[in-house]
Amino acid sequence: MLESQFDKPPYPSQLELAQDMYDGLVNEDKFLIFESPTGTGKSKASIIGCLSYLQDHQNKQLPKKIQIIEEGFEDLPDWFKVNSEPQKLQKQNIAQVPLKQQKAQSQDENIYDYSSDDEITKQLRKYVNRPEKSLQIVYASRTHSQIKQWIKELKDSKFEEMSVMSLSSRQQLCCNQNILNQSQQKLNYNCKKQKKQCLYYQGYLDWKEQNMDKFTNRIYDIEDLLKEGKSCSICPLLSLVKTVDIVCLPYQLIEPEKFQNQIIVIDEAHNFGNALLSNQSAEISLKDLNSIDKGLIEYRKKYHNRVKPKTLLYLHQLHNIVVEMLKVKEQKQYSLLNFMVQVGFQKLQIHKICKFIDNKEMRQRVGGFIDTYIKDSFISFELFCKFAVTLVRANQKDAILYLEQDKFKISQLTIHQQLDNLIYSAKSLILLGGTMQPLTEFDKINNIKFKTYPHIISKQNCQVYIYNTKLEYNMKTKQESQSQLNEQTYQILQQIIKNVPKGVVVFFQSYSVLNQFRQYFESYKYKLEGKEIFYDEKKLDILNKYSEKVQQGAILLSVVGGQLSEGINFSDDLARAVVLIGVPYPNNQSVEIKQQMKMKGNQYYEDLTMRSVNQCIGRLIRHKNDYGLIFLVDNRFQHLKHKLTSWLQDRVLIINQIDKLNFFDQFIK
């Protein structure tokens, strides 16, 4: 059924993946994980599978929508049936102040008066006369470049009539150049402060029906949306997300409550667990706490006669917590519960203070004042509010708190609670990636449906060599042995480049190891015969420079976990070989890693390492006719080879050195 939706004959595994996605949605499966190697057409398969289901769903819903329109306003609340507009809420003047002072107060953007009536107003605003979609696809990936590539595939598909909107931050979607020219750290605050003078905000308020249609009946990536916003003089950040068929965003921005009962597709999902952990973790420095301490004192001095007593009470309570945290000096790990008692949370009505902190307008106004008063302080109050709420809501068994290098940090250790919330709120959650195994981070999640797919390349197109090295690439290597390791690396790279044409990409364990090799290499004025050398210096333009020289022969030295190790397409001659120098074990002395290993054992440590290795390897083969070699340089890889991605398991050879390889002869025409 789905084969006709492809613009060209699909690979068998690609068609199977699309069909499995479609069937999973039809069967209303809540949690699906699909693993398909890089270069097998996952993006196109996800578009065909999910959008075919969405299209079928919309076709079934159309008669129901027509019936609702014919029957009138049956699905609207009672107050909407009586009046064409909801009644406006009457504001209560709790604080009786002189008229002159009220006027001054209304003009001061830093004043915030909290009222639980605000929550009621927000609920009423949900009833807006806009054609919301009953079901959407929420597509999320790790980076904007990956999202842009997916949207490009969508534009080339048979679903170009679908409406799509790509979401991002103010920094990327703000049209107002005056605001962009101001402090980037205070962008959110300045946007709020100046919105009444903003042409694009006013354009949003005056949004006419034809403009809305123009916005929602096309496929927009970030650049398209920004261009359209400027053209229509409408703020893209305020565009109506619920009126489009597909919403695209980085998966770090996904919040369960914002996309309830929708289909959520997480692409490049090997890092999704880390993103969930990061979202549920928080940190605040002693320097930021000092800024908040001074800022809150000044705020209360300036506005104590101009805001409601309840607002002052909650700010006073937050200030007391800040003061108590500044008294904590010992750099160590703390029990979350004991720390809460130590800084005074037990004296508060916690649910009320959290509700106060959750109010975005309060955080922007009070935080904006603090950032203005303390010149070198940016978003410090926002960070503190996140820290306080995270401390209260964190699971005591699944999180740790510690003070290290003058920073308080709360680190989440498991993703089970966050993932459960996401699965519960979504209609279906689909995780898609090239290296999803091992699935240990999902071991406590029930009713997972997992499937892996074979690679589309022939066996002779790729080979893995594990170097049985004399010296291990141990990060604790003494200084006198480091030069021997660097010499070993140089000799091995010499052997490899003699046998590999065009481009070679090398991944070191860390930037410090790469820099040590570079210093050694340059001090002896070594050369790698026939290859121009490029070093990853954390600048994206290095990839363009490397690409320009590949045909003459080039080698790119990068780092595992760096910007070039994931999401970069080293197809064809850009990488005829990928080389990993040393097993890239993460720092097992970090507080988080120690605690994770204590909970999950060494298995977790190895899984974390090999997931990074498999990501680097995935840069090599990008399509059916691609070919190349993989070199794992460290004898410790022999004990980890069973954790290589499944399609490589039968392609591994152990070697001591390379004399002559005939691998590339078969591809020379």
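Above this text is the structure in question.
What counts and what doesn't
- Residues numbered from 1 in each chain as written.
- Predicted model: local features only at pLDDT ≥ 70, side-chain atom pairs only at ≥ 80, totals over all residues.
- Heavy atoms only, no water.
- Helix = DSSP H or I, 4+ residues; strand = E, 2+ residues; numbered from the N terminus.
- Expected span 1.5 Å × (residues − 1).
- Buried < 20%, exposed > 50% of the residue type's maximum accessible area, 1.4 Å probe, protein only.
- Contact = heavy atoms within 4.5 Å.
- 1 Å grid on protein atoms, 1.4 Å probe; cavity = no way out; pocket = protein on both sides within 12 Å on 5 of 7 lines; lining within 4 Å.
- Points joined across faces, edges and corners; volume = space filled by probe spheres on them.
- Nonpolar A, V, L, I, M, F, W, Y, C, P; charged D, E, K, R; others polar.
- Pairing = 2+ DSSP bridges.
- Axes fitted to C-alpha atoms, helices over the stretch in contact; angles between N-to-C directions.
- Core = buried A, V, L, I, M, F, W, Y, C linked by side-chain atoms within 4.5 Å.

A. Up close: helix 14 (residues 286-303). Here helix 14 is 18 residues long and its end C-alpha atoms lie 26 Å apart, about the 26 Å a rise of 1.5 Å per residue gives. Along helix 14, the positions that sit buried rather than exposed are Leu-286, Asp-288, Leu-289, Ser-291, Ile-292, Asp-293, Gly-295, Leu-296, Tyr-299 and Tyr-303. Contacts from the buried residues of helix 14 go to strand 6 (282-285), helix 15 (309-326), helix 18 (360-373), helix 19 (380-393) and strand 9 (407-412).

B. Expanded view of the layout of surface pockets. Taken as a whole, the second largest pocket spans an internal volume of roughly 1,300 Å³. Among the elements of the structure, helix 2 (42-71), strand 2 (137-141) and helix 6 (144-155) are those that each provide at least two residues to the lining of the second largest pocket. Here the element with the most residues in the lining of the second largest pocket is helix 6; it accounts for seven residues. Considering only residue class, the lining of the second largest pocket consists of nine nonpolar, 18 polar and 14 charged.

C. Molecular detail of the sheet that holds strand 14 (residues 532-535). Strand order across the open sheet formed by seven strands is 14-15-13-16-17-12-18, with parallel pairing between neighbours. With partners counted over all chains shown, the strands left at the sheet margins are strand 14 and strand 18 (652-655), one partner each. Averaged over all adjacent pairs, the angle separating strand axes in this sheet is 20°, with direction ignored. Where strand 16 (residues 577-581) meets strand 17 (residues 628-633), five bridges bridge the pair, whose relative direction is parallel. The partner of Val-579 across the bridge, within strand 17, is Phe-631. Along the sheet, helix 25 (residues 602-617) makes contact with strand 13 (503-508), strand 16 and strand 17, crossing strand 16 at roughly 155°.

D. View of the nonpolar core. Ranked by internal contacts, the top residues of the largest apolar core, which has 48 residues, are Met-325, Phe-339, Phe-381, Phe-384, Phe-387 and Phe-408. Residue contributions to this core peak at eight residues, all from helix 15. Excluding its chain neighbours within four sequence positions, the residues that come into contact with Phe-387 are Ala-282, Glu-283, Ile-284, Met-325, Phe-339, Leu-401, Phe-408, Lys-409 and Ile-410. Counting 39 residues, the second largest nonpolar core, distinct from the first, contains Tyr-200, Leu-276, Leu-422 and Ile-445.

E. Quick look at the pairing of strand 16. For strand 16, the tally of buried residues reaches five of five residues, placing the bulk of the element in the interior. Neither face of strand 16 is left uncovered, since the one carrying Ala-577, Val-579 and Ile-581 and the one carrying Val-578 and Leu-580 both have all their residues buried. In terms of strand pairing, strand 13 meets strand 16 through four bridges, oriented parallel. Paired with Val-506 across the two strands is Val-579, which belongs to strand 16.

F. Just empty space enclosed by the protein, in detail. Scanning the entire structure with this criterion turns up two cavities of 30 Å³ or more. In this structure, the largest cavity is lined by Pro-37, Thr-38, Gly-434, Thr-435, Asn-614, Ile-617, Gly-618, Thr-645 and Trp-647. Residues that form the lining of the largest cavity fall into these classes: three nonpolar, six polar and no charged.

G. Seen up close, unusual backbone geometry. Cis geometry marks the peptide bond from Gln-437 to Pro-438; its omega dihedral reads 0°. The backbone phi angle of Glu-28 is positive, close to 60°, even though this residue is not glycine. Relative to the helices and strands, Glu-28 resides in the loop between helix 1 (12-26) and strand 1 (31-35). On the basis of relative accessibility, which here comes to 55%, the residue Glu-28 falls in the exposed class. Here Asp-572, not a glycine, exhibits a phi torsion of approximately 55°, which is positive.

H. Here's a closer look at the sheet that holds strand 3 (residues 164-166). Here seven strands make up an open sheet; going across it, the order is 3-4-2-5-10-1-11 and the pairing parallel. Whereas interior strands pair on both sides, the edge strands pair on one side only; in this sheet they are strand 3 and strand 11 (449-452). Taken over all neighbouring pairs, the strand axes of this sheet differ in orientation by 15° on average, direction set aside. In the sheet, strand 1 pairs with strand 10 (residues 428-433) via five bridges, with the strands oriented parallel. In the sheet register, Glu-35 faces strand 10, and the bridge partner there is Gly-433. Relative to strand 10, helix 1 is tilted by about 165°, and along the sheet it contacts strand 1, strand 5 (263-266), strand 10 and strand 11. Sheet strands in contact with helix 20 (residues 416-425) are strand 1, strand 5 and strand 10, and its direction is about 120° off that of strand 10.

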